[in-house]
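So the chains spell out like this:
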Amino acid sequence: MRYDYLIIGGGMVADSAARGIREQDDAGTIGILGADPDEPYTRPALSKKLWTDPDFGRDQVSLDTASDTGAEVHTGTRVASVDRSNSSVTTESGERHEYGKLLLATGATPTRIELPPSPRVVYFRTFADYRALRELTKTADHIAVVGGGYIGTEIAAALSLQDVKVTLVTSDAVLGGHMFPPTLAAGFDKGFAGHGVTVRRGTKVVSGAEASARVQLQLDDGSTVEADGVVFGLGVRPETELAESAGLAVDDGVIVDEFLRTEDEHVYAAGDVANYPDAVLGRRRTEHVDNATEMGKAAGRNMAGAADPYTYTPYFYSDVYDDGYQAIGTVSTTLNVIEDWKTVGKEGVVYYLDDDAVVQGVLMWNVWEGLDVARTLLAEKKPQTEQSLSGLI
């Protein structure tokens, strides 16, 4: 089978790429080969709306890629190899597909620990993982969540609202302390305790075992956590194996240029797997949904002949209990921090500056505007002061 445009990966990047292709080419054939058992869906809902919005059901997560774009979506299909010399790919089942242009949208895979596979162990990433966790909540009284980042905190919050006892394990001394300044982190941490979550701080899981319908986690401080199930949100690594075996340049992701092309003019990469030159922040790899949708569309357009550089700088966001934030750039307390609060810990902006006082990242806490101002600030690369930043957003 031959497609004018072939996409490896069946996530949000694939959906956006197909739509981008259709903006330029309304007739070319599009094939999507996804290892996921589900057709493209909105991933943020898995840790947000499906848990928090009673009017948002499972039937609403689909992106309707096939019906909207005419793409042929092959689910449960894992690609084994890419043959660039013959412009073809071969699946693990032995099927061969030729392409005119190829997009690597293979995404990323969750970080795992040494723990035997079990229905009681969920490495949270996919719609199938969401369904498995929902099933687990029907019988589990106590679930452990490992990881104090975006996924870990969102899932811990969601589970605590389902009348499930939750223990959250984080390496932070205070939950969120790797991102938030002390006062904000303390309030964030306190919010979980206020919802009945037991937070195990300053420790990591080193191993685990399942016995007697329970999972026991061994922590590096010598203690243990025992629960009916465990959810891991320990970050991800980019799925670069196909690109590497095809001889493409890889360095924490597949290397692409400003047009999202690899060194092969017929092969593109986008989303979690792409290491790209951000016009404002410099070369990087970004794992958030805003980047997936915008970069996917840009890649699709360029595959179909647009030749437009990808100059968009994406943002990321999270919602936990009654609080939410949006951010752009590098948000890390390893940088110098300036806080500008309307109400301390409730509504305000946090700026992250390097040693030259140049802003590297902006966090807007319960502030839902100002992204364009933040982008401009990052692009200017000028030294700032507490006075110059006060009231800016």
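Residues numbered from 1 in each chain as written. Predicted model: local features only at pLDDT ≥ 70, side-chain atom pairs only at ≥ 80, totals over all residues. Heavy atoms only, no water.

K.L.:
I keep staring at empty space enclosed by the protein and nothing clicks. Help me out?
P.N.:
Empty space among the atoms can be located by rolling a probe the size of a water molecule over them. Applying the stated criterion to the full structure yields 1 cavity of 30 Å³ or more. Considering only enclosed or pocket space, the largest cavity measures out at about 70 Å³ in volume. Every residue lining the largest cavity is listed: Gly148, Gly149, Tyr150, Thr153, Gly176, His178, Met179, Phe180, Phe188, Ser318, Val320 and Tyr325. At the level of secondary structure, the elements contributing two or more residues to the lining of the largest cavity comprise helix 5 (150-160) and strand 21 (316-320). In the lining of the largest cavity, the residues fall into 6 nonpolar, 6 polar and no charged. (1 Å grid on protein atoms, 1.4 Å probe; cavity = no way out; pocket = protein on both sides within 12 Å on 5 of 7 lines; lining within 4 Å. Points joined across faces, edges and corners; volume = space filled by probe spheres on them. Helix = DSSP H or I, 4+ residues; strand = E, 2+ residues; numbered from the N terminus. Nonpolar A, V, L, I, M, F, W, Y, C, P; charged D, E, K, R; others polar.)

K.L.:
So what exactly am I meant to see when it comes to helix 4 (residues 127-137) here?
P.N.:
Note that an α-helix has 3.6 residues per turn; residues three or four places apart therefore point the same way. Buried within helix 4 we find Phe127, Asp129, Tyr130, Leu133, Arg134, Leu136 and Thr137. On its buried side, helix 4 packs onto helix 2 (49-52), strand 8 (121-123), strand 9 (142-146), helix 5 and strand 15 (229-232). (Buried < 20%, exposed > 50% of the residue type's maximum accessible area, 1.4 Å probe, protein only. Contact = heavy atoms within 4.5 Å.)

K.L.:
It is not clear to me how the UniProt feature "domain: Mitochondrial apoptosis-inducing factor C-terminal" (unreviewed entry) in the chain should be interpreted in this structure. Could you clarify?
P.N.:
Following the UniProt record, the feature "domain: Mitochondrial apoptosis-inducing factor C-terminal" (unreviewed entry) maps to residues 347-379 here. End-to-end, the C-alpha atoms of residues 347-379 are 24 Å apart, and along that stretch the chain is 27% helix and 42% strand. (UniProt positions renumbered as here; feature names shortened; annotations may be inferred.)

K.L.:
Help me understand the pairing of strand 9 in this model?
P.N.:
Regular strands place their side chains on alternate faces of the sheet. Most of strand 9 sits out of view: 5 of its 5 residues are buried. Both faces of strand 9 are covered, namely the face carrying His142, Ala144 and Val146 and the face carrying Ile143 and Val145. In terms of strand pairing, strand 9 meets strand 10 (residues 165-169) through 5 bridges, oriented parallel. What sits directly across from histidine 142, in strand 10, is lysine 165. With respect to chirality, the unit in which strand 9 leads through helix 5 into the neighbouring parallel strand 10 is right-handed. Sheet analysis places strand 9 next to strand 15, joined by 4 bridges and oriented parallel. Within the sheet, the bridge partner assigned to valine 146 lies in strand 15 and is phenylalanine 232. (Pairing = 2+ DSSP bridges. Right-handed = clockwise from strand over helix to strand, strands pointing away.)

K.L.:
Sorry, what's going on with the environment of proline 40 here?
P.N.:
Tracing the backbone through its elements, the reader meets proline 40 in the loop between strand 2 (30-33) and helix 2. Classification of proline 40 as buried rests on a relative accessible area of 1%. The sequence separation of proline 40 and glycine 9 amounts to 31 residues, and the corresponding C-alpha distance is 9.2 Å. Setting aside its immediate chain neighbours within four residues, proline 40 contacts Gly10, Gly11, Asp15, Val61, Ser62, Leu63, Thr65 and Val73.

K.L.:
Explain the UniProt feature "domain: FAD/NAD(P)-binding" (unreviewed entry) in the chain here, please?
P.N.:
Annotation from UniProt places "domain: FAD/NAD(P)-binding" (unreviewed entry) at residues 3-296. Annotation note: span residues 3-296, helix share 24%, strand share 30%, distance between end C-alpha atoms 18 Å.

K.L.:
Just to check I follow, could you spell out helix 6 (residues 182-194) for this structure?
P.N.:
The end-to-end C-alpha separation of helix 6 is 18 Å, in line with the 18 Å expected for 13 residues at 1.5 Å each. By the burial criterion, the buried members of helix 6 are Leu184, Ala185, Phe188, Asp189 and Phe192. Around the axis of helix 6, the buried residues are gathered within 135° of arc, so they sit on the same side. Across from the buried face of helix 6, at angles greater than 90 degrees, the exposed residues are Pro182, Lys190 and Gly194. Contacts from the buried residues of helix 6 go to helix 5, strand 10, strand 11 (198-200), strand 21, strand 23 (336-343) and strand 25 (359-365). Two residues or fewer past helix 6, glycine 196 is found with a positive phi of approximately 85°. (Expected span 1.5 Å × (residues − 1). Arc of directions from axis to C-beta.)

K.L.:
Quick question: what am I supposed to make of the nonpolar core here?
P.N.:
The nonpolar side chains of a soluble globular protein tend to be buried with one another. Counting residues in hydrophobic clusters, the biggest one holds 45 residues, and the most contacted among them are Leu133, Leu159, Phe180, Phe192 and Leu363. Among the elements that take part in this core, helix 5 stands out by supplying 5 residues, more than any other. When residues no more than four places from it in sequence are discounted, the contact partners of phenylalanine 192 are Thr153, Ala156, Ala157, Leu168, Leu175, Val197, Val199, Val320 and Tyr321. Counting residues in hydrophobic clusters, the runner-up holds 44 residues, among them Ala14, Ala17, Ala270 and Ala274. (Core = buried A, V, L, I, M, F, W, Y, C linked by side-chain atoms within 4.5 Å.)

K.L.:
Got a minute to help me understand the packing of helix 1 (residues 12-24) against helix 8 (residues 289-303) in this structure?
P.N.:
Between two packed helices, what matters for the description is the angle formed by their axes and the separation of those axes. For the pair helix 1 and helix 8, interaxial distance at closest approach is 6 Å and the crossing angle is 35°. Crossing hand, helix 1 versus helix 8: right-handed. Residues Met12, Val13, Ser16, Ala17, Gly20, Ile21, Glu23 and Gln24 of helix 1 form the contact with helix 8, whose own contacting residues are Val289, Ala292, Thr293, Gly296, Lys297, Gly300 and Arg301. Its residues assigned to classes, the contact of helix 1 with helix 8 shows 6 nonpolar, 6 polar and 3 charged. (Axes fitted to C-alpha atoms, helices over the stretch in contact; angles between N-to-C directions. Left-handed = near helix turned anticlockwise from the far one by under 90°.)

K.L.:
Looking at this structure, how should I read the layout of surface pockets?
P.N.:
Space inside the second largest pocket adds up to approximately 240 Å³. The element best represented in the lining of the second largest pocket is helix 6, accounting for 6 residues. Residue composition of the lining of the second largest pocket, by class: 7 nonpolar, 4 polar and 3 charged.

K.L.:
Would you mind going over the sheet that holds strand 14 (residues 224-227) with me for this structure?
P.N.:
Note on sheets: strands pair through backbone hydrogen bonds, and any given pair is parallel or antiparallel. A sheet is described by the order of its strands in space; here 3 strands give the open sequence 12-13-14, paired in antiparallel fashion. Of all strands in the sheet, those with a lone pairing partner are strand 12 (205-211) and strand 14, marking the two edges. Between one strand axis and the next, the sheet turns through 20° on average, direction left out of account. In this structure, strand 13 (residues 214-219) lies alongside strand 14, joined through 4 bridges in antiparallel fashion. Within the sheet, the bridge partner assigned to glutamine 218 lies in strand 14 and is threonine 224.

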